[in-house]
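Each chain is listed here by its residues.
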Amino acid sequence: MPLFAQLRRRLAFAWVAALAAAAPALAAPLTRADIPAATIGSDTVVLAGYRTPGDLGAGAVYSSAGATPTGLEAIRDKAGTWFNLALTGEANVGWFGAYGDDGGHKLTAADIAANPQWRGVYAPGVTWDTVATNEAILAAFAGASSPGHTVWNSLGAAERLNKTLVVPTATYGINRQLLVVAAFADVEFASRAAVWDWQGPPDQSMLFTDAIAYAYIRNISLRSSRPAVYGAAAPLWDMDHDRANAGLSTQQVTVVNALVRVPENGRGVAISPSGGTAQGDTITWLNPIFVGVAPDYCLSLGGANALGIAIIDGDFQGCTHDAIVASHGQAFVYGTSFQDQATPLDFTPVISQLTTFGADLHVRAGQGPTGASKFQEVRSEGDVPLLCEPGAYCIAEDVASAGASARGWFAGYPYAEGTAVSQVGGQGRTFMVADDGGDGAWRAVGPGSTACVIQDPGARYAPDQWAGYALFVRSDTGATQHQRIASNTATAVTLAPGGCFKGTQTVRNAYHIGGFSGAVPPAWDSVRPGGSTQAWGAGGQGFTTTAGSNAVKVGADIYGRIGAGDYVVIPGADRVGVRLKLPAALIAKVEAKAGGDTLTLARSAGADVAHGYGYWGAPLADGRISYIDLDFNALTGALSVANSAMAQGRTLGLGAVSNYASGRPDWRRAGDRPAAGGAYHPNVRGGIYNQVLGPVGRVRAAALTYAPAIDLTAAMDAADDLVLTPTGDAVLNAPVPTPGLARELTIQLESAGGGPRTVRFGANFKSAGPLAVQAPQGAAYIVRFISDGVSWNEAGRSGPDLPDGGG
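None of these values were measured; they are calculated from a predicted model.

A word on the overall build of the chain
Summing up its helical and strand segments, the chain has six helices and 61 strands in all. For the chain, the share of sequence-separated contacts (at least 6 apart) that also reach a separation of at least 24 residues comes to 66%. With the model as given, the accessible surface of the chain reaches about 29,800 Å², and the carbon-plus-sulfur share is 55%. Side chains of the chain give 54 positive and 65 negative charges; the mean places of these two sets differ by 1 Å.

Structure (structure tokens):
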């Protein structure tokens, strides 16, 4: 507990002791419920409980000194004397009637009539936990309020009236929004086991702190009992300044040891969600825990003035889309761990950062070079630790990613579509299941189904067409079982003996038929590399479709590289479930191309997507399952990356790179340039430059197209190693080196045979002279140059290096 809170509490006990000394309290323990039937023979009494001795109301001090019928928690004893709840340093939720029974007790009309002293206005059905919590909030931060009329201390320069809001350890069922408007405020949850459980509408926040400033919040624990609709959920905690209350802008808030549990499709905490210029700066989260169950996001920054948001240590677990998303603003993440960022094998749909286009830190827009977000000393089990979209500014240091979606390959296993199998083959690539060889859909379990037989009156299966396949069943929340099919009729599927599901299957569940992998691993390295959209948004070349349509609009780049028979993976373009519609990627085969911009898919979309991100590739067969090579980015758009390691995935649009280790030798994309803003980095020469100092496979030399005169500017923006097979004489011209930047360039020249060729080093080179390429076909020469900021100076040459048997 903070020192000032301890002092305040000691003063409170001293004040109570002084009152008690002035007039002795009753000997028998009293509760608030006893007061109307008792004559209080003292000016003050310390209660043993609210309704029964020892409940959450114990310790409340009631005094008749100055008490009025409209005073705080006003109540009259048998003799007609009014007593009010006397607060000094704290307002305890238990003193206002909380049961702490997760909302088990709800207000009746009689309860409302019996409590005219309440500052808030309530309706039958509101939980007693909600009423007590709200009344304690008003007592702590709106001390001049009267019944039915709220006057916030911070709006009248009356912060001296503030009390510490105290929440004892219990679970409080909250079913109406709690509003807090406060400056210089303290909130003290007794432990992380003191929980506010949201039981109200999922599209409304449980806690709205409007214009909260200079606040200290300890051990706050929030959760929701209700799954939400994807894209329509409100955050559990909305920390905003939407101008509804004219107090200080949201700022200087310290949150210590928070625990936020986010439900399916839900949202955790949003800072400045009203966006635009909404204020929400210098907010520090110390050692938070965010736990999600396939949520939309766990923590969000929404306003352009949401600056200096620091997350120090703590955990984000199960935030399978975005753990931290900054639509605007600036996040500093230090020493935080990101875990369980993908669904396990026994859940469907497969929801991960790969199938949702999410990240541990997803920065959608930034504040320019002076508002860069930083991701440092982070351990990530995410596939995508940092996604910094074009126009945002990010720095990554000491980031280690293990890759949450990495699965091993098993013979004869029924992988679900969307499952990623990683670090396979000699090239360390990742593959995603694009087709499980089954019926291609999830259907509702029909009436009369059992643990061994799934009925589906609307099916039209051929007899025994699915014998030997896998049958999946899933609940609304994604928990999935699978067993082998023994036989089927037109409308029923029967499982193999001894292989029934756990529990009778009901119409609340869904089922799907899929295939098994092969007996031996497929030839992973034989499949052609997959593709992905390296630009997205309205000005990019992503995927656009609508729910119910199998037509997908694409940009010219995708259209030119994708073929009929390939598969696409479009995050967010599907919804899977019976009642609860979970977000999923649309995974479908391309059946046709037309018009230069339209793909026809074998499956229709389940949701609208406009200019979205996605992957595509040629199928690799494995038993009844097909994969595509998954071309995804582990890091995107960072101005600089230092001392970081990724188990899988490639990188896109990075600036300066130092000590980067990757499981892929092709970790950097050929021709890659940084996202908008890279040119502002002092070590980036108008494009991209990678200073690789650590244990990483070098980027394969970029091939030059022969011409009599070759300008190396574009090639050197993308790579430091170049290779040329001259079929005639050539002159190479280099760009002017970046002043003050130490850089090396290696040029490999391979003989095409058929006669000597002369290669000269022209503009901005200082060389030992022309190179005569005259050895047998395949012989190699290597020339190395070092920049001094003025010219490219030759540091050595070798060759010809001849093929084996060449002499």
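Picking up where we left off.
A closer look at the nonpolar core
F96, F141, W196, W237, W285, L299 and F316 are the most contacted members of the largest nonpolar core, which totals 96 residues. Leaving out residues up to four positions away in the same chain, F141 has contacts with W152, N153, N162, K163, L165, V180, V181, A182, A185, D186 and V187. Counting residues in hydrophobic clusters, the runner-up holds 24 residues, among them L724, L732, V759 and A775.

As for the environment of G104
With respect to the helices and strands, the residue G104 is situated in the loop between strand 5 (90–92) and helix 2 (109–113). The exposure class of G104 is exposed, given its relative accessible area of 54%. Sequence separation of G104 and I283 is 179 residues, and the distance between their C-alpha atoms is 34 Å.

Focus on the state of the cysteines
By the definition in use, this model includes three disulfides. One disulfide in the model links C388 with C394; its S-S distance is 2.1 Å. Given an S-S torsion of about 80°, the disulfide between C388 and C394 has right-handed geometry. Like C388, the residue C394 is buried in the burial classification. Between the sulfur atoms of C452 and its disulfide partner C500 the distance amounts to 1.9 Å. Residues C452 and C500 are joined by a disulfide whose S-S torsion is about 110°; by sign, that bridge is right-handed. Of this pair, C452 sits in the loop between strand 32 (443–444) and strand 33 (453–455) while C500 sits in the loop between strand 36 (492–495) and strand 37 (510–514), placing them 48 residues apart in sequence. What makes C452 partly exposed here is its relative accessible area of 29%. For the chain, the disulfide bridges join cysteines in the arrangement 1-2, 3-4, 5-6, where the cysteines are counted in sequence order.

Observations concerning the sheet that holds strand 2 (residues 61–63)
Strands sit in the order 1-2-4-3 across an open sheet of four strands; the sheet is antiparallel. Because the sheet does not close on itself, it has two edges, and the strands there are strand 1 (44–46) and strand 3 (75–76).

Description of the pairing of strand 56 (residues 744–750)
When strand 54 (residues 721–724) meets strand 56, the two strands line up parallel, connected through four bridges. Bridged to L722 within strand 56 is I747. Here strand 56 runs beside strand 60 (residues 780–787); their pairing, made up of seven bridges, is antiparallel. Residue pairing for strand 60: T746 is matched across the bridge by R784.

Thoughts on the pattern of salt bridges
A side chain of one charge can pair with a side chain of the opposite charge if their charged atoms are brought near each other. Under the criterion given, the structure shown has 19 salt bridges. For D197, the salt bridge identified is with R223, shortest N-O distance 3.6 Å. In this pair, D197 sits in strand 10 (residues 195–198) while R223 sits in strand 13 (residues 221–224), placing the two residues 26 residues apart along the sequence. A salt bridge links R797 to E794, with the nearest nitrogen and oxygen atoms 2.7 Å apart. With a relative accessible area of 31%, R797 lands in the partly exposed category.

Examining the pairing of strand 6 (residues 164–167)
The side-chain alternation of strand 6 yields two buried faces, one formed by T164 and V166 and the other by L165 and V167. Two elements, strand 6 and strand 9 (residues 186–189), share three bridges in a ladder whose sense is parallel. When the bridges of strand 9 are listed, V167 appears paired with F189.

Let's talk about the confidence of the model for the chain
Mean pLDDT over the chain works out to 88, with 91% of the residues at or above the 70 mark. Ignoring residues within four places in sequence, the model shows residues 1–27, a span with pLDDT below 50, making 32 contacts including any to other chains. Taken together, the stretch residues 676–698 has pLDDT below 50 and engages in 67 contacts with residues farther than four places along the chain or on a different chain.

A few points about unusual backbone geometry
Going from T348 to P349, the amide bond is cis rather than trans, its omega being -5°. Following the sequence through the fold, P349 ends up in the loop between strand 25 (337–339) and helix 4 (353–356). Cis geometry marks the peptide bond from G799 to P800; its omega dihedral reads 5°. With respect to the helices, strands and loops of the structure, P800 is situated in strand 61 (residues 792–801). Phi angles above zero are rare outside glycine, and N643 is one such case at about 55°. Structurally, N643 is set in strand 49 (residues 640–646).

Calculation notes
- Residues numbered from 1 in each chain as written.
- Predicted model: local features only at pLDDT ≥ 70, side-chain atom pairs only at ≥ 80, totals over all residues.
- Heavy atoms only, no water.
- Helix = DSSP H or I, 4+ residues; strand = E, 2+ residues; numbered from the N terminus.
- Contact = heavy atoms within 4.5 Å.
- Areas by Shrake-Rupley, 256 points an atom, 1.4 Å probe, with all protein chains shown as cover.
- Lys, Arg positive; Asp, Glu negative; His and termini not counted.
- Charge placed at Lys NZ, Arg CZ, Asp CG, Glu CD.
- Core = buried A, V, L, I, M, F, W, Y, C linked by side-chain atoms within 4.5 Å.
- Buried < 20%, exposed > 50% of the residue type's maximum accessible area, 1.4 Å probe, protein only.
- Disulfide = S-S within 2.5 Å.
- Pairing = 2+ DSSP bridges.
- Salt bridge = Lys/Arg side-chain N within 4 Å of Asp/Glu carboxyl O.
- pLDDT = per-residue confidence, 0-100.

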